[in-house]
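Chain by chain, the residues run as shown.
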Amino acid sequence: MKTQAKASAPAKVILLGEHFVVHGEPAIVLAIDRRATVTVKMRSDQKIFIKSEDIGISGFFINDQFSPLKGGGEAERKLEPIYAVAREIIQKYHLKNGVNIEIESSIPIAAGLGSSAAVSVASAAALLSLFDLNKSKDDIFKIAFNAEKIIHGTPSGVDPAISTYGGILWYRKSQPIRRLDIDVDLPLIIGNTKKERSTGELVAKVNTLRRHYPSIIKKIIKAGGEIVKRSVKALREGDLKTLGELMNINHELLCAVGVSCEELENLVHAARNAGALGAKLTGAGGGGCMIALVSPEKIEDVAEAIDEAGGEVLITRKTDAGVTIER
Ligand code: MEV
């Protein structure tokens, strides 16, 4: 039996289809080269100790009771999904030992880049490896998805899916995960508003709007799905102009369901004015990040415009590496 194991999982950007994916439409999502790394160590008692150095929180769970060490009450809310991953594995496989779980991450948190899913996925993979449970990526995805449901209410599963499998995915809830083997280099710039927000609250906001205005909101959701379907052709043909236009339309639909905000609008319009082919919020919205699709000669102009409009520019690349056991 091992005494220690380590795994990492990537962040993501949703190219098209966030929120509408919660309501059964497809989304296109890609993994990016920022990762969460989780190291787990066996304990001789039954405590689950979790520490995230980057955000300065830590504490113990024992029999579902939390004792914070660092970060106070906030710590429990943030560490709960990781505890849920550990609890599920320990209970399901009748394990006797507790564990220490340490998280390091280069993914901005609560920013729409899938930081919590990446941590859940890496935690599940590291724990399964520690206990020599030889499980598939599908098992890792399912465990992380269950944990996501605790924090995000009714998530679609797109975030844990991309963190598990990497690459570019066509994701539709309850359907087999489909990898899109598209050989186009997507020149994307990410702009972070640095305004943190809760995915669960934003998903709930769209649910409420849909309940109040079903005939209107259902059409918007459907149109969101049509955009994703149309974008596959543009992606396959390397038609970045069309893709940019589709991103712009997608953004306006997201505004219509109330998940943009002034900070995101500022960055999106700054990017478009500086010559981006398209720009939209990415992830849950309400703050967090936007993405701009940019032709190579406009990269500097667009990055500068996002910076001047108050955004933090993140330069990333697509990665094919999903969840990975680290040696
Ligand atoms: C969050 O990254 C994406 C949302 O569509 C929620 C989800 O799909 O679970 C807003």
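Reference entry: report on the structure contained in this document. (Residues numbered from 1 in each chain as written. Predicted model: local features only at pLDDT ≥ 70, side-chain atom pairs only at ≥ 80, totals over all residues. Heavy atoms only, no water.)

1. Section: the layout of surface pockets
Each pocket or cavity is described by its volume, and for the largest pocket that value is around 900 Å³. Around the largest pocket, the lining is made up of 48 residues, and of these Ala110, Ser116, Ile151, His152 and Thr199 lie nearest the centre. Of all the secondary-structure elements, those providing two or more residues to the lining of the largest pocket are strand E1 (4-16), helix H1 (72-92), strand E6 (99-105), helix H2 (115-130), helix H3 (137-152), helix H4 (158-165) and helix H5 (199-212). Per-element tally for the lining of the largest pocket: the top contributor is H1, with six residues. For the lining of the largest pocket, the class distribution of residues is 22 nonpolar, 15 polar and 11 charged. Each of domain 1 (4-182) and domain 2 (187-317) accounts for three or more of the residues forming the lining of the largest pocket. Contributing to the lining of the second largest pocket are 16 residues, with Leu186, Pro187, Leu188, Thr316 and Arg317 lying nearest its centre. With three residues, strand E9 (residues 188-192) is the largest single contributor of residues to the lining of the second largest pocket. (1 Å grid on protein atoms, 1.4 Å probe; cavity = no way out; pocket = protein on both sides within 12 Å on 5 of 7 lines; lining within 4 Å. Points joined across faces, edges and corners; volume = space filled by probe spheres on them. Helix = DSSP H or I, 4+ residues; strand = E, 2+ residues; numbered from the N terminus. Nonpolar A, V, L, I, M, F, W, Y, C, P; charged D, E, K, R; others polar. Domains from an automatic or database assignment.)

2. Some points on unusual backbone geometry
In this model, His19 sits at a positive phi of 65 degrees, which is unusual for a non-glycine residue. Relative to the assigned elements, His19 resides in the loop between E1 and strand E2 (27-42). Despite not being glycine, His94 has its phi angle at roughly 50 degrees, a positive value. Relative to the assigned elements, His94 resides in the loop between H1 and E6.

3. Topic: the site of the ligand
Residues in close proximity to the ligand total 13 residues, the closest being Lys12, His19, Pro155, Ser156 and Asp159. In this structure, Lys12 approaches the ligand through a side-chain N or O atom, which is 2.9 Å from an oxygen atom. At a separation of 2.5 Å, an oxygen atom of the ligand approaches a polar side-chain atom of Ser156. For the ligand, whose accessible area on its own is 300 Å², the fraction buried by protein is 97%. Assessed atom by atom at 2 Å from the grid points, the ligand resides in the largest pocket. For the shell around the ligand, the class distribution of residues is seven nonpolar, three polar and three charged. Looking at which domains feed residues into the shell around the ligand, each of domain 1 (4-182) and domain 2 (187-317) gives three or more. (Near = heavy atom within 4 Å. Polar contact = N/O pair within 3.5 Å; in protein donor to acceptor, adjacent residues only side chain to side chain. Areas by Shrake-Rupley, 256 points an atom, 1.4 Å probe, with all protein chains shown as cover. Sits in = over half its atoms within 2 Å of the grid points.)

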